[in-house]
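Take a look at the letters that make up each chain.
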Amino acid sequence: MIRLQSPIEGRKTHFGYIRDIFEEYGCDFSSNFEYDQGQFDSILWREAGETIYLRLPFIVLEGELDHYEALIAFGSPYVIKHVVNIGLDRDENALATVAGISQFQKPLDKDGHIEDKSRWVQASENKIEKLLYALEEPLSS
């Protein structure tokens, strides 16, 4: 994991507003959340069973997370690498395996070693810059 310092940290906004904008830029709301905190994930790179993500965590200041008007504040973003098993699952979940990838298989390493860290720091900073710029643009009708 690589922690980043970013101008998005501490930024407050409404959940639904930011979710809609972030989705347009390939940054998805993670379905693994609590009602007082959550995260947005953006895939920076994927090959075979390895994926490098930019993760943008946040806390809920007012309201409940699944509501459009919930007020959130961003924490420190970070880069994380997940390594999943893309082979066949030989246990009782084998029938759930589609194209060699099962949603029920546990990752081999959910915080894998990241090589060429400067590359991913730069990619993350560029992505965050685009997201922040999008927030400043007037909404089109």
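In case you missed it, the structure is sitting above this.
Just so it is clear, the model here is predicted, and its values are computed rather than measured.

Draft legend 1. Highlighting helix α2 (residues 117-136). With 20 residues, α2 should cover 28 Å at 1.5 Å per step; its first-to-last C-alpha distance of 29 Å lies within 8% of that length. Of all the residues in α2, the buried ones are Trp120, Ser124, Lys127, Ile128, Leu131, Leu132, Ala134 and Leu135. Taken end-on, α2 shows its buried residues confined to a sector of 155°, consistent with a single buried face. Counted as exposed and oriented over 90 degrees from the buried face of α2: Ser118, Glu129, Lys130, Tyr133 and Glu136. Tucked inside the fold, the buried residues of α2 contact α1 (15-24), β3 (27-29), β4 (37-47), β5 (50-62) and β7 (78-83).

Draft legend 2. Broad picture of α1. When we look at burial in α1, the residues that qualify are Phe15, Gly16, Ile18, Ile21 and Phe22. Tucked into the core, α1 has its buried residues touching β2 (12-14), β3, β4, β5, β6 (71-74) and α2. The positive-phi residue at the C-terminal boundary of α1 is glycine 26, with phi of around 75°.

Draft legend 3. How the structure looks around the environment of glycine 16. Considering the arrangement of structural elements, one finds glycine 16 in helix α1. On a C-alpha basis, the gap between glycine 16 and leucine 71 in space is 9.2 Å, while along the polypeptide they are 55 residues apart.

Draft legend 4. Examining the side chain of arginine 55 more closely. Tracing the backbone through its elements, the reader meets arginine 55 in strand β5. Separated by 2.6 Å, the side chains of arginine 55 and aspartate 41 make a polar contact.

Draft legend 5. Geometry of the nonpolar core. Residues Phe22, Phe40, Leu56, Ile72 and Phe74 are the most contacted members of the largest nonpolar core, which totals 26 residues. Contributing elements (two or more residues each) for this core: α1, β5, β6 and α2. In contact with leucine 56, other than residues within four places in its own chain, are Ile8, Phe22, Cys27, Gly38, Gln39, Phe40, Phe74, Pro77, Ile128 and Leu131.

Draft legend 6. Examining the packing of α1 against α2 more closely. Viewed as axis vectors pointing N to C, α1 and α2 meet at an angle of 120°, and their least axial separation amounts to 10 Å. Compared by their axis directions, α1 and α2 come out oblique. The element α1 and its partner α2 pack so that their crossing is right-handed. Contacts between α1 and α2 involve Tyr17, Ile18, Ile21 and Phe22 from the former and Leu131, Ala134 and Leu135 from the latter. Residues that form the contact of α1 with α2 fall into these classes: seven nonpolar, no polar and no charged.

Thresholds, definitions, all that
- Residues numbered from 1 in each chain as written.
- Predicted model: local features only at pLDDT ≥ 70, side-chain atom pairs only at ≥ 80, totals over all residues.
- Heavy atoms only, no water.
- Helix = DSSP H or I, 4+ residues; strand = E, 2+ residues; numbered from the N terminus.
- Expected span 1.5 Å × (residues − 1).
- Buried < 20%, exposed > 50% of the residue type's maximum accessible area, 1.4 Å probe, protein only.
- Arc of directions from axis to C-beta.
- Contact = heavy atoms within 4.5 Å.
- Polar contact = N/O pair within 3.5 Å; in protein donor to acceptor, adjacent residues only side chain to side chain.
- Core = buried A, V, L, I, M, F, W, Y, C linked by side-chain atoms within 4.5 Å.
- Axes fitted to C-alpha atoms, helices over the stretch in contact; angles between N-to-C directions.
- Parallel < 35°, antiparallel > 145°, perpendicular 65-115°, else oblique.
- Left-handed = near helix turned anticlockwise from the far one by under 90°.
- Nonpolar A, V, L, I, M, F, W, Y, C, P; charged D, E, K, R; others polar.

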